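Residue-level structural notes
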Amino acid sequence: THFGFRDVPVGEKKKLVGEVFTSVAGKYDVMNDLMSLGVHRLWKRYFTGTSGIKRGDRVLDLAGGTGDIAKLLLERVGETGEIVIGDINREMLGVGRDRLTDLGLVKGLRYVQLNAEALPFPDASFDAITMAFGLRNVTDKLEALRSMHRILKTGGKVMVLEFSEVQAEWFRPIYDFHSFKVLPKLGELIAGDAHSYRYLAESIRKHPNQAGLKALMEEAGFAQVSVRNLSGGIVAIHSGFKI
Ligand code: SAM
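These remarks concern the structure in this document. Computed from a predicted structure; not experimentally measured.

1. Quick look at the site of the ligand
- Taken together, 17 residues are adjacent to the ligand, and Y28, A63, T66, D87 and A132 come closest.
- A63 places a main-chain nitrogen or oxygen 2.8 Å from a nitrogen atom of the ligand.
- Protein chains bury 98% of the 600 Å² of accessible surface belonging to the ligand in isolation.
- When the residues that make up the shell around the ligand are grouped by side-chain class, the tally is 11 nonpolar, four polar and two charged.

Shown next as structure tokens:
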């Protein structure tokens, strides 16, 4: 199919991922609310609330296109902190910037178009890095995690919020039905785009599970890596430190 990424070259895949998000950028929010029945807002609030990010911190929010995470983090870092929003897609960055600017949030925010696999920042330049629903789309996840490790200060923390593996056996068929049948249908009806949502379901299935991502983070050099499941493992928060 159009989004059968398994057999396309890496360069092509990057282009396709870019197109997926360009095509959904506008409808992105409505879809998130519908697909998760609004729960993504709670996940994001929990994610930032338990981050330990504090006043004065300099934080990189990767794949931060929508501005959702940055908005929550800005309250935490305050006047003396800074949030850099990094995303590979111009349109997504634009959507986020418009939204935050409309809320009057300008000071302490920066926007950088970047690829998470090759972060354009000096070594040891951030106190924390967050990445919500973004790592799944990255081609070389280990390279991205290594790049994050490099730009973190010693003692810095990385946090990844991402779809993961549902823990309860009985829930899996229901979840799969939702992902592979309901979501593409909703995507077609709301965003006029079933492909992107079929890609979403496939990318969730292909993404490493809790143990897999933990191992990958450790391989990238992170210490004290811990995992917390939310909503029975539909999503999980992985965090680790640079020591
Ligand atoms: N963090 C936001 C949220 O939780 O609402 C946006 C998540 S959205 C599902 C995924 C984002 O990842 C898109 O904006 C996409 O452009 C971005 N993305 C995909 N691959 C990327 C990469 N290699 N580097 C940086 N951003 C990437």
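What follows picks up the thread again.
2. Description of the packing of aromatic side chains
- What the rule picks out here adds up to five aromatic pairs.
- Where F121 meets F126, the ring centres are 5.1 Å apart and the plane angle is 85°; that geometry is what we call edge-to-face.
- Here F126 falls in the buried class, since its relative accessible area comes to 0%.
- Both rings, one in W170 and one in F171, keep their centres 5.5 Å apart while their planes meet at 70°; by these two values the pair is edge-to-face.
- Assessed through its relative accessible area of 24%, F171 is described here as partly exposed.
- Here the aromatic cluster, defined as three or more aromatic residues joined through ring pairs, consists of W43, F133 and F163.
- In this arrangement the basic side chain of R58 is found over the ring face of F126, its NZ or CZ atom lying 4.3 Å from the centre.
- Taking the ring centre of Y111 as reference, the NZ or CZ of R97 above it sits at 5.1 Å.

3. Observations concerning the sheet that holds strand β7 (residues 235-241)
- Read across the sheet, seven strands follow the order β3-β2-β1-β4-β5-β7-β6 without closing on themselves; strand pairing throughout is mixed. The sheet terminates laterally at β3 (109-113) and β6 (223-230), the two strands that pair on one side only. The average angle at which neighbouring strand axes cross in this sheet is 15°, direction not considered.
- Its contacts with the sheet place helix α3 (residues 39-49) against β4 (126-132), β5 (152-163), β6 and β7, and it is angled at close to 165° to β5.
- Strands in contact with helix α9 (residues 210-219) are β5, β6 and β7; relative to β7, the strand with the most contacts, it is inclined by about 20°.

4. A few points about a nonpolar patch on the surface
- A surface patch of nonpolar side chains, amounting to about 340 Å² of accessible area, comprises V30, L34, L189 and I190.
- Taken together, the elements giving at least two residues each to the nonpolar patch come down to α2 (28-36) and α7 (172-191).
- You can see V30 is positioned in helix α2.
- On the basis of relative accessibility, which here comes to 44%, the residue V30 falls in the partly exposed class.

Analysis parameters
Residues numbered from 1 in each chain as written. Predicted model: local features only at pLDDT ≥ 70, side-chain atom pairs only at ≥ 80, totals over all residues. Heavy atoms only, no water. Near = heavy atom within 4 Å. Polar contact = N/O pair within 3.5 Å; in protein donor to acceptor, adjacent residues only side chain to side chain. Areas by Shrake-Rupley, 256 points an atom, 1.4 Å probe, with all protein chains shown as cover. Nonpolar A, V, L, I, M, F, W, Y, C, P; charged D, E, K, R; others polar. Phe/Tyr/Trp six-rings, centres within 6.5 Å; stacked < 30°, edge-to-face > 60°. Buried < 20%, exposed > 50% of the residue type's maximum accessible area, 1.4 Å probe, protein only. Lys NZ or Arg CZ within 6 Å of the ring centre and 35° of its normal. Pairing = 2+ DSSP bridges. Helix = DSSP H or I, 4+ residues; strand = E, 2+ residues; numbered from the N terminus. Axes fitted to C-alpha atoms, helices over the stretch in contact; angles between N-to-C directions. Contact = heavy atoms within 4.5 Å. Patch = residues over 30% accessible without salt bridge, like charges linked within 9 Å, V, L, I, M, F, W, Y side chains within 5 Å. Salt bridge = Lys/Arg side-chain N within 4 Å of Asp/Glu carboxyl O.

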